[in-house]
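# Observations on the three-dimensional arrangement
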Amino acid sequence: DGVPAMEKFIKMAVTEPDVSKVPFMIDSSKFEIVEAGLKWCQGKPIINSISLKPGKAEFIRHATLVKKHGAAVVVMAFDENGQAA
């Protein structure tokens, strides 16, 4: 549901000349949806957001994928125990 919707939206947005000139902010609580957006996005998108909440290994995987696509990223101060104080 979310992955096809993200792909459809990004594909439509990148074909609009005025829209495609600005960075896209891709946001989803499910990282596979973020990945779908990254695959179709042109330019340098912004990912909102990644954190240590799912664990260090997943955080590193997410950060590596974001870097591979040349995207900027918002990193939230959360870990497996919750928000940093």
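For the structure, see preceding data.
Residues numbered from 1 in each chain as written. Predicted model: local features only at pLDDT ≥ 70, side-chain atom pairs only at ≥ 80, totals over all residues. Heavy atoms only, no water.

### A short note on the nonpolar core
- Within the largest apolar cluster, 17 residues are counted, with the highest numbers of intra-cluster contacts made by Leu38 and Ile47.
- Put simply, the parts of the chain that give this core at least two residues each are helix H1 (2-14), helix H3 (31-40), strand S2 (46-50) and helix H4 (56-68).
- Broken down by element, the residue count for this core peaks at five residues, all from H3.
- The residues contacting isoleucine 47, other than those within four sequence positions of it, are Ile26, Val34, Leu38, Val66, Ala71, Ala72, Val73 and Val74. (Core = buried A, V, L, I, M, F, W, Y, C linked by side-chain atoms within 4.5 Å. Buried < 20%, exposed > 50% of the residue type's maximum accessible area, 1.4 Å probe, protein only. Helix = DSSP H or I, 4+ residues; strand = E, 2+ residues; numbered from the N terminus. Contact = heavy atoms within 4.5 Å.)

### Quick notes on the packing of H3 against H4
- Orientation of H3 relative to H4, taken along the N-to-C sense of each, is 10°, at an axis distance of 11 Å. In terms of orientation, H3 lies roughly parallel with respect to H4. Along its contact with H3, which presents Phe31, Glu35 and Leu38, the element H4 presents Arg61, His62, Leu65 and Val66.
- Among the residues forming the contact of H3 with H4, the class breakdown is four nonpolar, one polar and two charged. (Axes fitted to C-alpha atoms, helices over the stretch in contact; angles between N-to-C directions. Parallel < 35°, antiparallel > 145°, perpendicular 65-115°, else oblique. Nonpolar A, V, L, I, M, F, W, Y, C, P; charged D, E, K, R; others polar.)

### Describing the sheet that holds strand S3 (residues 72-75)
- In spatial order, the strands read S1-S2-S3; together these three strands make up an open sheet with parallel pairing. Here the strands that pair on one side only, and so sit at the sheet edges, are strand S1 (25-27) and S3. Averaged over all pairs of adjacent strands, the angle between their axes in this sheet comes to 30°, without regard to strand direction.
- Both S1 and S2 contribute to a ladder of three bridges, which runs parallel. Considered in S2, the bridge of isoleucine 26 is made with isoleucine 47.
- Contacts between H4 and the sheet are confined to S2 and S3, with S2 contributing the most and set at about 175° to the helix. (Pairing = 2+ DSSP bridges.)

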